[in-house]
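So you can see what is in the structure, the chains are spelled out below.
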Amino acid sequence: MALLAGATLACRADMGGEKTVVIAAGGDADAMIPMVGAQAQARAMTEIMFEKLADLGDSLNTVGDYGYVPRLATSWSWSGDSMAVTFALDPRATWHDGRPVRANDVVFAFQLATDPKVGAATGADLRGVVDSVTAPDSTHATAWFKARRPDQFHQLVYNLIPLPEHLLAAVNRDSLRVSSFAAQPVGNGPFKLAIRVPRERTEYVANDNFARGRPRLDRVIVTIHQGGPAAARAVIAGDADFVERLSPDDAAEVSKSPELRLIPAGSVEYGVVSFNFKRPKGSAPHPVFGDLRVRQAVTMAVDRATLVQSVYGSLGRVALGPFVRAQWSADTTLSQLPFDTAAAGAMLDSAGWRRGTGGMRARAGAPLRFVLAVAATNRERPRLAELMQQQLKQQGVDMQIQLLDGAAMQARLSAHDFDAAMFTWRTTPSPSGAQSAWGTVGYAPGSPYNAGGYSSAVFDANVDSALKERDRTRARAQFRVAYQAAITDAPAIWLYEPSVVAGAAARVSTGTLRQDAWWASLERWDVTGPPRRRAGTAPDSAPR
Amino acid sequence: MSRVGRLLAYGTVAAVLGAALAAPVLAPRDPNALGDDPTRDRRLAPSVQHPLGTDDLSRDVYGRLIHGTRVSVSIALIAAALIVAIAFAWGTTAAFAPAWLRGAMMIFADVVYSVPRLLVVLSVLTFTGQLAPATLAVVLGLAGWAPLSRILYRAAVAARRAPSTESAMALGVGRVRIAFSHVLPALRPHLVEGACMAVAVVIPLEAALTYFGIGVPRPTATWGRLLDDAGADPLGAWWLVVFPSAVIAATVMAMNYLASDARAPRLTAEAK
Amino acid sequence: MTSDAGRVQLTIPGALLAVLRPLGRAMLVALLVTSVSFVGLRLLPGDPFAPSPDDPPELAHARAQSRVQFGLDRPISVQYPALLGALARGDLGHSFATAQPVSGIVRSAITNTAILVAPALLIGLALGVALGTWQGAHAGSVRDKILGGATFGYLAVPEFLVALILGGLVAIRWKLLPATGMVGAEVATAPWLVRLPSIVEHAVLPVSVLAMSTACVVARHQRAAVIAAVGEGFVRGAGARGVPAHRILWVHVLRRTAGTICAMAGVLLPALVGGAALVERVFSWPGAGSALVTAVAARDYPVVQALVLMTAVAVALSASLAEAGAQRLAQGEALV
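It should be emphasised that the depicted structure is a prediction, and the values quoted were computed from it without experimental measurement.

1. Let's talk about the overall build of chain C
Along the backbone of chain C there are eleven helices and zero strands. Taken from the N to the C terminus, the helices and strands of chain C come in the order α-α-α-α-α-α-α-α-α-α-α. Within chain C, contacts between residues separated by at least 24 positions form 75% of all contacts whose residues are at least 6 apart in sequence.

2. What to know about the overall build of chain A
Along chain A, the regular secondary structure elements total 17 helices and 24 strands. The C-alpha radius of gyration computed for chain A amounts to 25 Å, which stays within 12% of the reference 24 Å derived for 544 residues, consistent with globular compactness. The dimensions of chain A, computed from C-alpha atoms along their principal axes, are 75 × 70 × 40 Å. The buried share of chain A, reckoned over its 544 residues, is 60%. For chain A, the proportion of contacts with a sequence separation of at least 24, taken over those separated by at least 6, is 67%. By element, 54% of the accessible surface of chain A is carried by carbon and sulfur atoms, the whole surface being about 19,400 Å². Averaging the locations of the 59 positively and 53 negatively charged side chains of chain A gives two centres separated by 3 Å.

3. Some details on the domain arrangement of chain A
Frequently, the measure chosen for interface size is the accessible area removed from exposure when the parts meet. Residue and element names in this part refer to chain A. The assigned domain composition of chain A is domain 1 (2–49 + 189–265 + 500–527), domain 2 (54–168) and domain 3 (269–498). On a C-alpha basis, the centres of domain 1 and domain 3 stand 35 Å from each other. Taken together, the contact pairs ten residues of domain 1 with ten residues of domain 3. For the pairing of domain 1 and domain 3, the buried interface totals around 760 Å² over both sides, and the portion due to carbon and sulfur atoms is 60%.

4. Details of the interface of chain C and chain B
Between chain C and chain B, the contact holds 39 residues from the first and 31 residues from the second. Taking both sides of the interface into account, the surface hidden between chain C and chain B amounts to around 3,200 Å²; carbon and sulfur atoms contribute 83%. Linking chain C with chain B are zero salt bridges. Where chain C touches chain B, the interface holds zero residue pairs in polar contact (both at pLDDT 80 or more). Mapped onto the side of chain C that touches chain B, the elements with two or more residues apiece are α1 (5–43), α5 (142–156), α6 (159–173), α9 (245–282), α10 (288–297) and α11 (301–335) of chain C. Among the elements that line the side of chain C that touches chain B, the one with the most residues is α9 of chain C, at nine residues. Classifying every residue of the side of chain C that touches chain B by side-chain character gives 30 nonpolar, five polar and four charged.

5. So, the packing of helix α9 (residues 175–211) of chain B against helix α11 (residues 238–263) of chain B
Residue and element names in this part refer to chain B. Interhelical geometry of α9 versus α11 gives an angle of 160° and a closest axis separation of 8 Å. Of the possible angle classes, the one that applies to α9 and α11 is roughly antiparallel. Considering how the two elements wind past one another, α9 and α11 form a crossing that is left-handed. Between α9 and α11, the contacting residues are Pro189, Val192, Glu193, Cys196, Met197, Val199, Ala200, Ile203, Pro204 and Ala207 on the first element and Ile248, Thr251, Val252, Met255, Asn256, Leu258, Ala259, Ala262 and Arg263 on the second. Of the residues assigned to the contact of α9 with α11, the class counts are 15 nonpolar, two polar and two charged.

6. Brief notes about unusual backbone geometry
A positive phi angle, near 65°, is found at lysine 281 of chain A, a position not held by glycine. Looking at where lysine 281 of chain A falls in the secondary structure, it is placed in the loop between β13 (269–275) and α10 (292–301). Residue lysine 281 of chain A is classed as exposed on the basis of its relative accessible area, which comes to 64%. Despite not being glycine, serine 284 of chain C has its phi angle at roughly 50°, a positive value.

7. As for the sheet that holds strand β15 (residues 354–355) of chain A
Residues and elements named next belong to chain A. Sheet architecture is open: three strands sit in the order β15-β16-β17, paired in antiparallel fashion. Taken across any chain shown, the strands that pair with only one partner, and hence form the sheet edges, are β15 and β17 (366–367). Here strand β16 (residues 361–363) pairs with β17 via two bridges, running antiparallel. In the strand pairing of β17, arginine 363 is matched with alanine 366.

8. Side note on the sheet that holds strand β18 (residues 369–375) of chain A
All names here are of chain A. Reading across from one edge, β14-β21-β13-β20-β18-β19 is the order of the six strands in this open sheet, with mixed pairing throughout. Among the strands making up the open sheet, the edge pair consists of β14 (316–318) and β19 (398–404). Geometrically, the sheet is characterised by an average inter-axis angle of 25° between neighbouring strands, direction not taken into account. Of the strand pairs in this sheet, β14 and strand β21 (residues 492–498) are connected by three bridges, and their pairing is antiparallel. In the sheet register, arginine 317 faces β21, and the bridge partner there is glutamate 497.

9. Focus: the packing of aromatic side chains
Applying the stated criterion to the full structure yields 30 aromatic pairs over all chains. When the ring of tryptophan 76 of chain A is compared with that of phenylalanine 87 of chain A, the centres are 6.2 Å apart and the planes differ by 50°; the resulting orientation is tilted. Of the two residues, tryptophan 76 of chain A sits in strand β4 (residues 73–78) while phenylalanine 87 of chain A sits in strand β5 (residues 84–89), which places them eleven residues apart along the sequence. Relative accessible area serves as the criterion here: at 18%, tryptophan 76 of chain A is assigned to the buried category. With a relative accessible area of 2%, phenylalanine 87 of chain A lands in the buried category. Residues phenylalanine 108 of chain B and tryptophan 145 of chain B carry aromatic rings whose centres are separated by 6.4 Å and whose planes lie at 20° to one another, so their mutual orientation is stacked. Highlighted residues: phenylalanine 108 of chain B in helix α4 (residues 99–114) and tryptophan 145 of chain B in the loop between α6 (133–143) and α7 (146–161), separated in sequence by 37 residues. Its end group placed over the ring of tyrosine 158 of chain A, arginine 43 of chain A keeps NZ or CZ at 4.2 Å from the ring centre. In this structure, lysine 278 of chain A is placed above the aromatic ring of tyrosine 443 of chain A, and the distance from its NZ or CZ to the ring centre is 4.4 Å.

10. A few points about the nonpolar core
Core analysis: the biggest nonpolar cluster contains 168 residues, and Ile75, Leu140 and Leu209 of chain B together with Phe160, Leu292 and Leu307 of chain C have the highest contact counts within it. With 15 residues, α9 of chain B is the largest single contributor of residues to this core. In this view, leucine 307 of chain C contacts Val106, Ala109, Ala288, Ala291 and Leu292 of chain C; residues no more than four positions away in its chain are not counted. With 164 residues, the next largest nonpolar core counts Val133, Leu163, Ala265 and Tyr312 of chain A among its residues.

11. Re the pattern of salt bridges
Residues and elements named next belong to chain A. Enumeration according to the criterion identifies 44 salt bridges over all chains in this entry. Ionic pairing is found between arginine 196 and aspartate 28, a salt bridge with its closest N-O pair at 3.3 Å. Note that arginine 196 is positioned in strand β8 (residues 191–197) and aspartate 28 in the loop between β1 (20–25) and α2 (40–47), a separation of 168 residues in sequence. Of the two residues, arginine 196 and aspartate 28, neither departs from the other in class, the shared state being buried. In this structure, arginine 173 and aspartate 115 form a salt bridge, with 3.0 Å as the shortest nitrogen-oxygen distance. Here arginine 173 is found in the loop between α6 (165–168) and α7 (180–183), whereas its partner aspartate 115 is found in the loop between α3 (103–113) and α4 (123–129), with 58 residues between them in sequence. By relative accessible area, aspartate 115 is classed as buried at 18%.

12. Concerning empty space enclosed by the protein
Residues and elements named next belong to chain A. A full pass over the atoms with the stated rule returns eleven cavities of 30 Å³ or more. Considering only enclosed or pocket space, the largest cavity measures out at about 170 Å³ in volume. Residue lining of the largest cavity: 13 residues in total, with Glu47, Glu51, Trp519, Ala520 and Glu523 positioned closest to the centre. Taken together, the residues of the lining of the largest cavity break down into seven nonpolar, no polar and six charged.

13. Quick notes on the packing of α6 of chain C against α9 of chain C
Residue and element names in this part refer to chain C. It is the contact of α6 with α9, at a shortest axis distance of 9 Å, that shows an interaxial angle of 25°. It follows from the interaxial angle that α6 and α9 lie roughly parallel. Crossing angle aside, the handedness with which α6 passes α9 is right-handed. Taking contact as the criterion, the partners of Glu159, Phe160, Ala163 and Leu164 in α6 are, on α9, Gly275, Leu278, Val279 and Val282. In terms of residue class, the contact of α6 with α9 is made up of six nonpolar, one polar and one charged.

14. Observations concerning α3 of chain A
Residues and elements named next belong to chain A. In terms of residue burial, α3 counts as a mostly covered element, since nine of its eleven residues are buried. Within α3, burial applies to Ala103, Asp105, Val106, Val107, Phe108, Ala109, Phe110, Leu112 and Ala113. On its buried face, α3 is in contact with β5, α4, β6 (130–137), β7 (140–145) and α6.

15. Here's the deal with a nonpolar patch on the surface
All names here are of chain C. A contiguous nonpolar surface patch, about 450 Å² in accessible area, is contributed by Trp192, Leu193, Leu196, Val200 and Val204. Note that tryptophan 192 resides in helix α7 (residues 192–230). Owing to a relative accessible area of 57%, tryptophan 192 belongs among the exposed residues under this scheme.

Thresholds, definitions, all that
- Residues numbered from 1 in each chain as written.
- Chains lettered and ligands numbered in written order.
- Predicted model: local features only at pLDDT ≥ 70, side-chain atom pairs only at ≥ 80, totals over all residues.
- Heavy atoms only, no water.
- Helix = DSSP H or I, 4+ residues; strand = E, 2+ residues; numbered from the N terminus.
- Contact = heavy atoms within 4.5 Å.
- Rg over C-alpha atoms; globule rule 2.2 N^0.38 Å.
- Buried < 20%, exposed > 50% of the residue type's maximum accessible area, 1.4 Å probe, protein only.
- Areas by Shrake-Rupley, 256 points an atom, 1.4 Å probe, with all protein chains shown as cover.
- Lys, Arg positive; Asp, Glu negative; His and termini not counted.
- Charge placed at Lys NZ, Arg CZ, Asp CG, Glu CD.
- Domains from an automatic or database assignment.
- Buried area = accessible area lost by both parts, 1.4 Å probe.
- Salt bridge = Lys/Arg side-chain N within 4 Å of Asp/Glu carboxyl O.
- Polar contact = N/O pair within 3.5 Å; in protein donor to acceptor, adjacent residues only side chain to side chain.
- Nonpolar A, V, L, I, M, F, W, Y, C, P; charged D, E, K, R; others polar.
- Axes fitted to C-alpha atoms, helices over the stretch in contact; angles between N-to-C directions.
- Parallel < 35°, antiparallel > 145°, perpendicular 65-115°, else oblique.
- Left-handed = near helix turned anticlockwise from the far one by under 90°.
- Pairing = 2+ DSSP bridges.
- Phe/Tyr/Trp six-rings, centres within 6.5 Å; stacked < 30°, edge-to-face > 60°.
- Lys NZ or Arg CZ within 6 Å of the ring centre and 35° of its normal.
- Core = buried A, V, L, I, M, F, W, Y, C linked by side-chain atoms within 4.5 Å.
- 1 Å grid on protein atoms, 1.4 Å probe; cavity = no way out; pocket = protein on both sides within 12 Å on 5 of 7 lines; lining within 4 Å.
- Points joined across faces, edges and corners; volume = space filled by probe spheres on them.
- Patch = residues over 30% accessible without salt bridge, like charges linked within 9 Å, V, L, I, M, F, W, Y side chains within 5 Å.

Spelled out as structure tokens, the structure:
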């Protein structure tokens, strides 16, 4: 007992007065070097310690450089023909080991990211837009674009993150992920890595020499849990301070607690039921969904509002098309396929699928039946699928549900081996993702993009010209035509758009969270209340 | 082993089997059917209309519990039958096999036993994705025969060495015949006990696997699925947790009781 | 040493056998598990580096790169011997998902599971033996019947449900104990003296759940064993010699049943490790069960393989040792 008491005392002295925030995450990053990790979590966990040249503003505009805020670069200037942009680096910026950040580091990062040996996640996007990066002097870096594109600036600064050349130049690029740098990366951001135990915990401490001013928090600890629900449980139980996403049930739980609060975090994702235009794994038209009338009828037989309301409550909205409301190209005035069971029934009748005994539909002896593959990586999608199944049954459509884990779902989509599939697209603030997700260019063997094989000349042409259009009003109009085609052709049921809410301990103030990246404002977070209960300190040691 | 206890146990088993068999009569409505207004009718507390309340998706818990009984009991019975059959075949074959094979077979059973069953089932199921109830039952059966096979092996060896068996063998009675006329009767109490224990083990296992999202696929109602449908917070809507857990606990208790009843037949004879 | 030579020589074969038999069994388990898991894994649908629609679009081709890096493009006839060779050298490879050495992941996962299972087994055995012995001595009393009913009823409730409800009440509703993880985030890297109270605090709930079911099983067996032993001659004899009743019970009868108790530890262990996998999941305990589920979901072949393998070997080894101990105790008993 005496030993334990002594330990508590020592601990109190250690921890007293430190501002620590514990962030619960549903999974660990797969690599701790920016641009190299292939998972979304890797972006969060590396961008905490590495700075971009410039970052998206809260408006999430991705056309031109409007709204972008300076980060590592204090300013930038364009060449007359917009084919090059030169960044002036903050001369005070240093790496965590004390060496200054120089233009060579930007050049080096571009070379590394575009080196096929590295297999950087962002390499393809960079190569597609940027021809080369040069360093006119030690504090200026110039990016040379391949062609003028409205989102060229976004693609550059979103995907290129400067790296310390002096530490990485000698590292073998084939084994970058297992290098000692990957185990203990040296960044230049507001926080630096203190201790990392993969799959368990990563600790960051404030960078006292951060050029834009020391962050308010002293320590940030990311604890790794098994999936989002487990991470949420940690926050609800008071074992952690912040979780980036709560399920609707957990959000209800959090809203009841005085020690916790909800933070609307927006989202850049939307959920769909994608129909396969072709037979699973084949090229002949799909016996059910090859027919436009059936796709439209199935869409109209599903009461999307009820589905979303039942499962998400106030935390979800019906999706509008192949985009999210947070993207600048979003359009809420498109004409939607209505929920209309009578019309749906009539369309199925006219397509030859007539009701038989037991009320189920069939055509030439073949029942109207299909399997919905569901990515069961959260609790919401299976519930949506079950509701949908019952609604379709009333229209005589026999839908079977098959739940798949993440890896199996990817395999099925990549092999184009499904009748219909329910999953979530996590996009970026730029609307350009719609091109590969639903355009003819996305459809390819072994690729999960546009796995259903939707191919519309109207959609393709309008998305393509909208992405090249520099005038936002004209681009909007072109996107509108494309989106309307994607609604009318019904390649998918545009089902839900979750409003992500984060959960946080009341004592942590986070300010507004950026819709696509909760960690973007971490340097401005603060701790205002007493330490967490059980944070290793006794309650009476709290500052009064 | 009191008379009341036995009555309760048999009563529970009869009720559960009855519910499983007569599910369509007891709950004629489709167990997956939604309420009239899924948004309004979700998570309703027990009432006259819904004696056990409704779940997250507005479905009637009573209907799902009755139909779930059918699936969960079928899984348990198939798995138990498989466990008993494999264990019986393995144990008696080993008992009558030459010494070297006998040793090898028992070591194999030991090896199978020492790999935690749940770990095996967990990894198999997470690999294959969700399985149809019958396939799940087979996996559970294949993973669980080892301990019973050892018990049956010992009993079979004892039965083989019994004077009546040895004299029958001396008289040249065929092995198969001996197995059925001399060994099987001696194994009967062990078989009954083993079967009851198997059911008592498989039922919570199915519930756990389904709860963790790797058991029987949706929307099929099973006891585990009902617990899963209760949501992440088991204290939120009590009727979603209490009824399925009570049914699981009662069934497992009854089967455990019958197992110990079978284990001590002489004792009960004395009690009478 | 020299004066004791004769005795030493006599005991070596027995001791050797006692060590060799569990080792042999563990190696058999190892070979079997490796082969089955290797084949099983490759037969599954899904690919660890298939691009995911849940990922941002720009991340797709990084995965293809990793596929080549990890040698998954080579034929199975090359992969399997390579795997066996590596295992024989003690090289478990690197994780597909995090690029960390597998040995480290597996070591910490199994250690963490042991932190739950070992105390649960010890507490469960102690509690179960105490309960069972008391019940056996007072067989038929009202309190015996109440205890019997309680253990019987407890065993009928699925363990994960007990864990969920206990966690929901004690940790989430009343906030008396932590609900997730193994150590408070703030003290996770502190010296072990500071860390220990936090680990103990986190372990209370999961260990209790596991220990309680172990105790119930043990109590039921111990009660029967005590009733049987009390009926035997030596107890009556001791009673006649005037040895106090409590001494007979707690010394003589307990010694009589020690072998059974020890054997029971070996029998209970596989079930306990299995139960721990579910309880770990409920309490986000970073043990072998949690690690297995995570690795399987990510199709992280080397980690899955190593986890199943090492857990199975550890369990087989411990179980065999417990069995050997039980035999020793039984022999000792026979000699007395």
